[in-house]
Structures are given as C-alpha cells and as structure tokens.
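Listed here are the chains, written in short residue letters.
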Amino acid sequence: MAANNTYSIVEYFGGDDGYRCGYCKNERGNFSHGMWSHTMTVQDYQDLIDRGWRRSGKYVYKPIMKKTCCPQYTIRCHATKFQPSKSHKKILKKMNKFISKGELLKGPGDEHVEPMDSVCEDAGPREPRLEITKSAITDIQKKVLECPAITEVERNEVDVAPTGSELPRKDPDSVADSRTATAPKPGKGSDPNRPPCRKAKDLRKERRNQKEQLKHSSVGVSSTLITSPPSHTLTNQPKTLEDFLTEICPDSSSHCLEFRRFLCDSPLEAEYSTDGPEMGYGSFHQQYWLDGQMVAVGVIDILPTCVSSVYLYYHPDFASLSLGSYSALREIAFTRQLQKQSPKLSHYYLGFYIYSCPKMRYKGQYRPSDLLCPETYAWVPIEQCLPHLENSRYARFNQNLDEGDAQVLKDVGRVLVLHRRTVMPYTVYSRKRKGSTDETEVQEYATLVGQNCAERILLYRA
C-alpha cells in the first residue's frame, strides 16, 4: 500500500454538545467526539475503526460511550467462518423465489436496514475550518517525506520546512448482477462507451451458471464481480432508483447535498498493493441491478483487514425482500472472495451494534462475531458481551482488569500537527505558540485516536 508516503489530515471538533438520537429519539442524548477528515489513508482508518470510530462521509466520529443515551459498539463478523442462520437462509430462499418466479410480496419496509447515523442526521458533519486543495495536500505529503524524524526535530528544536502553496437481481428468471465500482462523480449523462445489450440467450446461460454457484456456495450466496454492465433499461418500466432519488432529493435541495456528502464523499485515498485485493483499497459502491435498472447501492470501504459496511440504500418497491440483511450476506461473501487474494482481509464490519435499540440487534445474528471493548479496544466474542449488556447499557467487555489500552497516549509532544502549512510535532508547535491554550484539546484528541495514529495523522491547528 501507499500508506508510507501519504498522510491523513484532520480537524478535531471535540464532543461537548448533545444532539438528537436517531435511535431512541432523545432530543439531546446523543454525544460523540468528531473530526473532519480532509484526506485519510486506509491504514489510519482501519486503526481508527478498531478504536470505535466510524465515518459519515468525510466526518469521522466516536460515540462517548459512558455519556450517550444509546451506546454504540463496533461489531465485526469473522467472514471466513460465517455460517448462515435459519433466518438468513429464509431471506435467501425468498430472494431466490423472487428471482425464479418473479413473486414480490408487498409489505412493510425492511426492518433490518440500519437507520442513518444520528450524528449525520441531526448533529450533521461540521464544516471544516481549513480550506485545502488536492494540490496543497499533495505538497504537504511530499514535504513530510523530506522532514527529519520527530526525535531529530525535537533535539534540534527546529520545525520542518513550510509546504507549498444490492440487491439482486434480475428479470423473471434471472440472477441479479452485482458489481463494485469506485464512488461515482456527479453524473454527466449516459456513457457512450458502454457496450451494447447482450443477447437474451447469453444472459439466461449466465444466470443458470450463477444459480449453480449459489447452490454450491458455502455461504449460500455468491459475490462475483461482474465487469460488463447490465442491459439498458427497458421501456414502460417502473421508476428507477435514480428517478426515485431525484423526486425526493432534487438537485437544488439541501437534502441532495447531504445525500452526496454522506454516501458519495469519502476521505479515503485509493491505494494498491501487490498482495492486496485486485481493485485496491478505498471506498466503493456495490450496485445491484434488475432488468437493466439499478435498484440498490451498497456503500463499502475496503481496508487492510476488513470490508466495512457504510450504508445501503435501495428502491422502496423492493423493501419486502429484506435487502438490508440480503446485502450483508452478499458483502460477507464478497469479503470471503477478497480474502483469497489478501489473506489478512478476513473480517466484515457491520458498523455499530446497539443493544439498547432492538431494531439494531439483528447485527449480532451474523456469527461468529465480536464486539469492541470500549476501554481496552480488545475484541470479545459477542456471546460473552451480551450478559453484561443485559445489566447495563454501558459495559467493559474485557474482564481482565490488568489490561488497558495498548495505544494509550504516552507523549502528547509527539502528536503531529499542521500549522500554517508547516508540519511539526506538538512540542515544537507549543514552543512557537507561546501561551497556547489548546493542549487539553490536543491531548483529548490524541487519547481518542491512540499514540500511533497521533504520530501519523496531521492534526490541523489554526
């Protein structure tokens, strides 16, 4: 990966104010620390989510577990050991029946779809104070490479040189095509380079082959990357997902802006490795097509050791197919596929598990799975965690009281900061800014991200 020559740049916002909770609807009960990420390496984000952070667009936040009304515990599934439950098999059977017979039951929406994270919905990503262009980020990262080590900087008391300026599937007897693509830029109309529609005979043959793969898959569902796009939308068809989104989210509305910031914008830089997945690391959209129409999109991050699910949105006409759970099964299968290319990439992160919100407990059904201890940041099997959550909303899962945070902050002076386009350790910054009163804030930030990340990530200082 390129993690050794690119650097993350963030602005820390703290977490004193309470916001409306999207789960229990408490008007001021949601508390979290937050920071705006201008750019971030996949390794830094991997380390952050392993400390309880999660992104909403470019806004990265960490719930204040002992204070927030609905504690949110990071949950991961061991994708290579996953076995579908009875309810999962029922969902797959329902989907296969729809694919083979075209039967679509009309009913209430999918109760397993995670609601939009409350920090995005109500608190909202704060606006960054720093206006920084891509070229400026590149210049800063180049200059960091030329800088002496932090210990050398501290010894000589000089700072570094200033920088320069899902869903499935297919028609009446089909299997849905799913493909992974980079997060799209604003549309510019139809793509003239798309190949023409394939013959129906060839499509049916491909679908039969995919059905056979489904039968032999140990997960009960395949996740194959389809490089060729689906056929064009047929005439006289129901409204597409794009049509639906346009209706509820016109281009001129603030809702459309928030939609793009939450689901399209990402701070993650694309990275590639010889021993990594073929498409590289970063943020992606997995598109699900039906009869030539995109009916669902799963937003995922491919990181060094996991696939992290960000969100799923889909056409409401297909809500009865339990697309939230179905897409999770697809993404688990996709993770297993990537693990064959990159052995370290073996986990599937489902976001947050919220025991106090019954609607969110479904995430614990993807076994075997672990919850992240909010104090030691060690992974603990969910079976050992549930008894503690039955007694208290907040719980320390690691019962070894002698163990603590392995990345506990030891030296705030080594925190890397970006001040006036100059990169320096905090100890040099504090000398230059005599009388500076932000040490408490910098120490809080560094405690939350851990010593290693604090020494790698550039913290913006005004």
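In this text the structure is predicted, and so the values were computed from the model without any measurement.

J.: Explanation requested: the overall build of the chain in the structure shown.
T.: Across its full length, the chain carries 13 helices and 15 strands. Classification of the 462 residues of the chain by burial places 55% in the buried group. Surface summary for the chain: the accessible area is close to 21,500 Å², and the carbon and sulfur share equals 50%.

J.: How do you make sense of the packing of aromatic side chains when you look at a structure like this?
T.: Evaluated as defined, the whole model comprises 11 aromatic pairs. Residues Phe 13 and Tyr 59 carry aromatic rings whose centres are separated by 6.3 Å and whose planes lie at 20° to one another, so their mutual orientation is stacked. One end of the pair, Phe 13, is in strand E1 (residues 9-14); the other, Tyr 59, is in strand E4 (residues 59-63), and 46 residues separate them in sequence. Ring geometry for Tyr 73 and Phe 397: centres 4.9 Å apart, planes at 45°, overall tilted.

J.: Just to check I follow, could you spell out the side chain of Arg 336 for this structure?
T.: In this structure, Arg 336 sits in helix H9 (residues 323-341). One buried charged side chain, Arg 336, makes no salt bridge at all; its nearest oppositely charged neighbour is Glu 331, positioned 14 Å away. Of note is the side chain of Arg 336, whose polar atom sits 3.0 Å from the backbone oxygen of Ala 79.

J.: Sorry, what's going on with the environment of Val 423 here?
T.: Summarising the element assignment, Val 423 is placed in strand E14 (residues 422-425). By relative accessible area, which is 4% here, Val 423 ends up buried. Taking the C-alpha atoms as reference, Val 423 lies 9.3 Å from Tyr 460; in sequence the two are 37 residues apart.

J.: Where do I start with the pairing of strand E15 (residues 458-461) in this structure?
T.: Residues in a regular strand point their side chains to alternate faces of the sheet. Residues Leu 458 and Tyr 460 line one face of E15 and the alternating positions Leu 459 and Arg 461 line the opposite face, and both faces are buried. Here E1 runs beside E15; their pairing, made up of 2 bridges, is parallel. Counted as the bridge partner of Ile 9 is Leu 458 from E15.

J.: Just checking my understanding: could you explain the packing of helix H2 (residues 86-101) against H9 for this structure?
T.: Packing of H2 against H9 brings their axes to within 10 Å, and their N-to-C directions diverge by 100°. When the axes of H2 and H9 are compared, the pair comes out roughly perpendicular. Contacts from His 88, Ile 91, Leu 92 and Met 95 of H2 reach H9 at Leu 323, Ser 325, Tyr 326 and Leu 329. Here the contact of H2 with H9 is built from residues that sort into 6 nonpolar, 2 polar and no charged.

J.: Honestly, the environment of Val 449 in this entry has me stumped. Any pointers?
T.: Mapped onto the elements of the fold, Val 449 is located in helix H12 (residues 439-449). Assessed through its relative accessible area of 1%, Val 449 is described here as buried. Remark: the alpha-carbon pair of Val 449 and Gln 407, spanning 42 residues in sequence, is separated by 8.4 Å. Not counting chain neighbours up to four residues away, the residues in contact with Val 449 comprise Met 35, Leu 48, Arg 51, Trp 53 and Ala 454.

J.: Which parts of the structure should I look at to understand the side chain of Gln 287?
T.: Summarising the element assignment, Gln 287 is placed in strand E7 (residues 282-290). When its relative accessible area of 11% is taken as the criterion, Gln 287 is described as buried. Here Trp 289 takes part through its side chain, which lies 3.4 Å from a polar atom of the side chain of Gln 287.

J.: What's the story with the sheet that holds E1 in this structure? I'm lost.
T.: Two modes of strand pairing occur in sheets, parallel and antiparallel, and in both the strands are linked by backbone hydrogen bonds. Pairing in this open sheet of 7 strands is mixed, and the strands run E3-E4-E2-E1-E15-E13-E14 from one edge to the other. A strand with exactly one partner marks an edge of an open sheet, and here the two such strands are strand E3 (54-56) and E14. Pairwise comparison of adjacent strand axes, ignoring direction, gives a mean angle of 35° for this sheet. Contacts between H12 and the sheet are confined to E1, strand E2 (32-39), E4 and E15, with E1 contributing the most and set at about 110° to the helix.

J.: Looking at this structure, how should I read H12?
T.: An α-helical turn contains 3.6 residues, so any two residues separated by three or four positions project in the same direction. Taken together, the buried positions of H12 are Val 442, Tyr 445, Ala 446, Leu 448 and Val 449. All buried residues of H12 project into a common sector of 160° when viewed along the axis, lining one side. Phi turns positive one or two residues past the end of H12, at Gly 450, with a value near 90°.

J.: Please clarify how unusual backbone geometry should be interpreted in this entry.
T.: In most cases, non-glycine residues show a negative phi, while peptide bonds are predominantly trans. Omega for the bond connecting Arg 367 with Pro 368 falls within 30 degrees of zero, at -5°, which places this linkage in the cis form. For Pro 368, the position within the fold is in the loop between strand E10 (347-353) and strand E11 (369-372). In this structure, Tyr 377 is a non-glycine residue whose phi angle is positive, near 60°. Structurally, the position occupied by Tyr 377 is in the loop between E11 and strand E12 (379-381).

Parameters and conventions
Residues numbered from 1 in each chain as written. Predicted model: local features only at pLDDT ≥ 70, side-chain atom pairs only at ≥ 80, totals over all residues. Heavy atoms only, no water. Helix = DSSP H or I, 4+ residues; strand = E, 2+ residues; numbered from the N terminus. Buried < 20%, exposed > 50% of the residue type's maximum accessible area, 1.4 Å probe, protein only. Areas by Shrake-Rupley, 256 points an atom, 1.4 Å probe, with all protein chains shown as cover. Phe/Tyr/Trp six-rings, centres within 6.5 Å; stacked < 30°, edge-to-face > 60°. Lys, Arg positive; Asp, Glu negative; His and termini not counted. Salt bridge = Lys/Arg side-chain N within 4 Å of Asp/Glu carboxyl O. Polar contact = N/O pair within 3.5 Å; in protein donor to acceptor, adjacent residues only side chain to side chain. Pairing = 2+ DSSP bridges. Axes fitted to C-alpha atoms, helices over the stretch in contact; angles between N-to-C directions. Parallel < 35°, antiparallel > 145°, perpendicular 65-115°, else oblique. Contact = heavy atoms within 4.5 Å. Nonpolar A, V, L, I, M, F, W, Y, C, P; charged D, E, K, R; others polar. Arc of directions from axis to C-beta.

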